[in-house]
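Listed here are the chains, written in short residue letters.
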Amino acid sequence: MKQCVACCFVFLLWAGSAFGQAKATAQNVPEIPFDSVPNFLKIPAGLYLGEAIGVATNSKGHVFVYTRSANTRLFEFDQNGTYVREIGEGNYGFEFAHSVRVDPQDNVWVVDEGTNLVLKFNPAGRIVMVLGHRPDVIAGAVASPGGPAPPAEKYTFGRPTDVAWDPQGNIFVSDGYVNHRVVKYDKNGRFLKQVGSEKTGTGPGQFNTPHSVAVDAKGMVYVADRGNNRVQVFDNDLNYKTSFMDVGTSWTVCVSPGPHQYFFTSNSNPNGNTPGSWDITGEIYKMELDGTIVGKFGHAGKLVPGFQVVHMLDCRNPNEIIVAEIESWRVQKLMLKQPQATKTSSLR
Amino acid sequence: MKRTLLLMFVGLVMNGIPLAAQSVPEMSFDSADILKLPANIHLGEVGGVATNSKGDIFVYTRTGHPTITIGTSRPFAHGGSRLFQFDKTGKFVREIGKDSYGLLVAQQVRVDPQDNIWVVDQMSSMVMKFDPNGNIQMLLGRKSESERVPAAPPTPQAGGAAPAAGGRAGGGGRGGAGAGGGAAAGAEAPAGQRGGRGGPPGAGQQSDVFQRPTDVAWDSAGNIYVADGFGNARIAKFDKVGKFVKSWGSRGSEPGQFNTVHGIAIDAQGNVYVADTGNKRIQVFDTDGNFKTQFTNIGNPAAICLTPGSRQFLYSSNSNPPEDIDVDGEIYKLDPTGKIIGKFGKAGKEMKEFGTVNQIDCRNPNELFVGEIGNWRVQKVTLRSN
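A quick note: this is a predicted structure, and the numbers were derived from the prediction, not measured.

## Quick word on the overall build of chain B
Step number 1: The helix and strand tally for chain B stands at 2 helices and 26 strands.
Step number 2: Across the 386 residues of chain B, 58% fall into the buried class.
Step number 3: Per element, the accessible surface of chain B, about 15,100 Å² overall, is 54% carbon and sulfur.

Quick look at the structure:
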């Protein structure tokens, strides 16, 4: 009996880590103070955000929110948070939001893990590219088969999570919860290469739930390898380069534009918090592209300016970060200030 | 060395690509996306596209999966597809059949010589005839009262015939829909109503209900022919007032047998062309279902159409599977004897590339409308005279 209890305990620990909960090992990290803009998004009466899963801005600063409400929907707000319009209302690809990103030409891309699709909307809000294939309705009504995932296919996703582009316009998709890989397509959606597979793994180039992807101006690819509590970095041909291991569980990543790019990753507090988990998770890291930590900001919390399971970051302006939260159904805009000295650490 | 080369050459010729396919002329063409949709309407997977005598364009599209609701412990399916009308310039005219009972999974739309609009729905297993005003004039088949969610695993067809490529070009997911694929053919349906009983494999019951039908056509007398389709492997014939006459076909690869009947078209002489996708051929029958001939070397014919007029041509799409854009995708032009005149296009996502074509309209033999499952669009294809 005792042995059984021990087993259970071990299992619980394991399950906990699988949910993405790890204290960052980085020490003496400067705290970046910030203000959360009060009531940033002005949501029209009668409209409610559900889980705020995806958030992104375009070149004009307009904010796109991909949310799970009664239906999964995509909303556009202007740079002041004033509601502009809904995009893609009722289309075939919206079922369960996961990510929204805006490319350099202001096309809006969404990743839907309920339909296994990546959709490209042009700035006018029309669908101009479909990556992946929604399972047939009749086949899809069949119970999920047990056992290992079938081999990953070139053009079929298994609950994909995110999308990014390199300067040439090649498309990178992190895929996902069923597959555990990152796929590279050319700008016309033709398969080029993948790293990882349908299997989980802990080695370099293997993933356990690649949950987010970002690409810098040199074409380097950063992958939030959430289940492995790390960020993996690849070159443009998806050859493994390095990992960032000291910033906790990477839920979502972004790279700011401009001549000096920064990398951001969120060690989000998990869904399903155990006592004490708020104390060791929830912060967002600002880093140099080589993995050097610049600072961190934010804490887990239900109320503003706390974060309640940050699912996506926008860092088009590295001093104005927009975060989308799963469990508090909101989007916050954070105005970052100059980092403070590491007084808390140095005093200890 | 010379001999080795010669041997290699012979080997290539014998093992390689069929010579006929190699010599098919490539037809040059342009394409455009002319449909102008209202802001809040988006095409999904395009099951069907067709034009009427005025050049108006009808698009039957999957705009979402059917919504399942629970009542009296049975799940009911609602909605999921919509039928839109555009004028010949692509301007949106109206929606037809909004919220009607049978529009679940768009499969095909055809316009008859009187400009009636016929819709084939893969999940409600119905063929619906709308008059030119958009009112329902006749219905064939019956929607299953309720669904099983999740569906029962497909059971092997009686007689054990192989499921093979079932559902491939219809948007079948990983591994295809397989035998029966009959989520819609719920076990709650009255025994025997849903086919597969009392006849050869895939023949379905000799009756007027379908199992995932795929297409509809008419002969010059107005008799109606339904390709039935994914679930069954038969052609069902009705007279012009919808009285069931007969059906032919069973699952298999012999003449007169089918493996996923994906399309049907009838010429002015009463030749019935059947796209037998899984067997990689078009079979030709007379209007009584007697086998006449078959055409091969055109890949998997998934969408076929016949041009009107005194000299008719046949277009047939070798549609790529939805999960792969690096194979197939070309469309063939044939004369009614099966001679291949040319081909154009390939699979892909750009304009002038095709993503799992599910229907072709060829009322104008040099201006085709092509509906795509993979790219959620309709391309207007203009063929240049070669």
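## Quick word on the environment of Lys154(A)
Step number 1: Relative to the helices and strands, Lys154(A) resides in the loop between helix 2 (137–140) and strand 10 (160–165).
Step number 2: Residue Lys154(A) is classed as partly exposed on the basis of its relative accessible area, which comes to 30%.
Step number 3: Lys154(A) sits 17 residues away from Ile171(A) along the chain, and the two C-alpha atoms are 13 Å apart.
Step number 4: When near neighbours in sequence (up to four residues on either side) are disregarded, Lys154(A) contacts Val183(A), Tyr185(A), Phe191(A), Asp324(B) and Asp326(B).
Step number 5: At 2.9 Å, the side chain of Lys154(A) forms a polar contact with the side chain of Asp326(B).

## Observations concerning the sheet that holds strand 6 (residues 97–102) of chain A
All names here are of chain A.
Step number 1: The 4 strands lie next to each other as 6-7-8-9, forming an open sheet whose pairing is antiparallel. Pairing within the sheet leaves two strands with one partner each, and these edge strands are strand 6 and strand 9 (127–132). With strand direction ignored, the average angle separating the axes of adjacent strands in the sheet is 15°.
Step number 2: Here strand 8 (residues 117–121) runs beside strand 9; their pairing, made up of 5 bridges, is antiparallel. Its bridge partner lying in strand 9, leucine 119 is registered against valine 130.

## Regarding the packing of aromatic side chains
Step number 1: Inspection of every chain in the model, using the stated rule, returns 31 aromatic pairs over all chains.
Step number 2: Relative to Phe297(A), the ring of Phe34(A) has its centre 6.0 Å away and its plane inclined at 65°; by these criteria the two rings are edge-to-face. Here Phe297(A) lies in strand 21 (residues 293–297) and Phe34(A) lies in strand 1 (residues 34–36), a separation of 263 residues in the sequence. Residues Phe34(A) and Phe297(A) agree in their burial class; the two are buried.
Step number 3: One aromatic cluster is present, built from ring pairs that chain together Tyr225(B), Trp248(B), Phe258(B), Phe285(B) and Phe291(B).
Step number 4: When the ring centre of Tyr177(A) is taken as origin, the NZ or CZ atom of Arg159(A), which lies over that ring, is 4.4 Å away.
Step number 5: Above the plane of the ring of Trp251(A) lies Arg226(A), whose end atom (NZ or CZ) is 4.2 Å from the centre.

## Some points on the pairing of strand 21 of chain A
Residues and elements named next belong to chain A.
Step number 1: Bridge analysis of strand 20 (residues 284–288) against strand 21 gives 4 bridges, and the strand direction is antiparallel. Among the inter-strand pairings, isoleucine 284 is bridged to a residue of strand 21, identified as phenylalanine 297.
Step number 2: In sequence, strand 20 turns back onto strand 21 through a hairpin of 4 residues, with glycine 291 there showing a positive phi of about 100°.

## Notes on the interface of chain A and chain B
Step number 1: In this assembly, 35 residues from chain A lie in contact with 40 residues from chain B.
Step number 2: Counting the surface lost from both chain A and chain B, the interface buries some 3,200 Å², and carbon and sulfur atoms represent 55% of this.
Step number 3: Joining chain A to chain B, the criterion identifies 5 salt bridges.
Step number 4: The salt bridge partner of Asp324(B) is Lys154(A), with a shortest N-O separation of 3.5 Å.
Step number 5: Taken together, the links from chain A to chain B amount to 15 residue pairs in polar contact (both at pLDDT 80 or more).
Step number 6: At the level of secondary structure, the elements contributing two or more residues to the side of chain A that touches chain B comprise strand 8, strand 9 and helix 2 of chain A.

## Quick word on the confidence of the model for chain A
Residue and element names in this part refer to chain A.
Step number 1: Per-residue pLDDT for chain A averages 91, and the proportion of residues at 70 or more is 90%.
Step number 2: Within the model, the stretch residues 1–18 combines pLDDT values under 50 with 1 contact to residues more than four positions away or in other chains.
Step number 3: Between residues 343–348, whose pLDDT stays under 50, and residues either more than four places distant or in other chains, the model counts 2 contacts.

## Quick look at the state of the cysteines
Here a disulfide denotes one covalent bond, and it connects the sulfur atoms of two cysteines.
Step number 1: Tallied over the full model, the rule gives 2 disulfides over all chains.
Step number 2: A sulfur-sulfur distance of 2.3 Å marks the disulfide that ties Cys254(A) to Cys315(A). On the criterion of sequence distance, the pair formed by Cys254(A) in strand 18 (residues 252–255) and Cys315(A) in strand 22 (residues 310–317) is long-range, its members being 61 residues apart.
Step number 3: The class of Cys254(A) is buried, set by a relative accessible area of 3%.
Step number 4: Across a sulfur-sulfur distance of 2.3 Å, Cys305(B) and Cys362(B) are joined as a disulfide pair. Residue Cys305(B) is found in strand 20 (residues 301–306), and its partner Cys362(B) is found in strand 24 (residues 357–364); the two are separated by 57 residues along the sequence.
Step number 5: Taking relative accessible area as the criterion, Cys305(B) reaches 2% and is therefore assigned buried.

## Observations regarding the sheet that holds strand 12 (residues 180–185) of chain A
Residue and element names in this part refer to chain A.
Step number 1: Pairing is antiparallel across the open sheet formed by 4 strands, whose spatial order is 10-11-12-13. Among the strands making up the open sheet, the edge pair consists of strand 10 and strand 13 (191–197). Averaged over all adjacent pairs, the angle separating strand axes in this sheet is 15°, with direction ignored.
Step number 2: As judged from the 5 bridges shared by strand 10 and strand 11 (residues 171–175), these two strands associate in the antiparallel manner. Bridging from a neighbouring strand, proline 160 pairs with aspartate 175 of strand 11.

## So, a nonpolar patch on the surface
All names here are of chain B.
Step number 1: A contiguous nonpolar surface patch, about 290 Å² in accessible area, is contributed by Ile68, Ile70 and Val149.
Step number 2: By the element assignment, isoleucine 70 lies in strand 4 (residues 67–71).
Step number 3: Here isoleucine 70 falls in the exposed class, since its relative accessible area comes to 68%.

Parameters at a glance
- Residues numbered from 1 in each chain as written.
- Chains lettered and ligands numbered in written order.
- Predicted model: local features only at pLDDT ≥ 70, side-chain atom pairs only at ≥ 80, totals over all residues.
- Heavy atoms only, no water.
- Helix = DSSP H or I, 4+ residues; strand = E, 2+ residues; numbered from the N terminus.
- Buried < 20%, exposed > 50% of the residue type's maximum accessible area, 1.4 Å probe, protein only.
- Areas by Shrake-Rupley, 256 points an atom, 1.4 Å probe, with all protein chains shown as cover.
- Contact = heavy atoms within 4.5 Å.
- Polar contact = N/O pair within 3.5 Å; in protein donor to acceptor, adjacent residues only side chain to side chain.
- Pairing = 2+ DSSP bridges.
- Axes fitted to C-alpha atoms, helices over the stretch in contact; angles between N-to-C directions.
- Phe/Tyr/Trp six-rings, centres within 6.5 Å; stacked < 30°, edge-to-face > 60°.
- Lys NZ or Arg CZ within 6 Å of the ring centre and 35° of its normal.
- Buried area = accessible area lost by both parts, 1.4 Å probe.
- Salt bridge = Lys/Arg side-chain N within 4 Å of Asp/Glu carboxyl O.
- pLDDT = per-residue confidence, 0-100.
- Disulfide = S-S within 2.5 Å.
- Patch = residues over 30% accessible without salt bridge, like charges linked within 9 Å, V, L, I, M, F, W, Y side chains within 5 Å.

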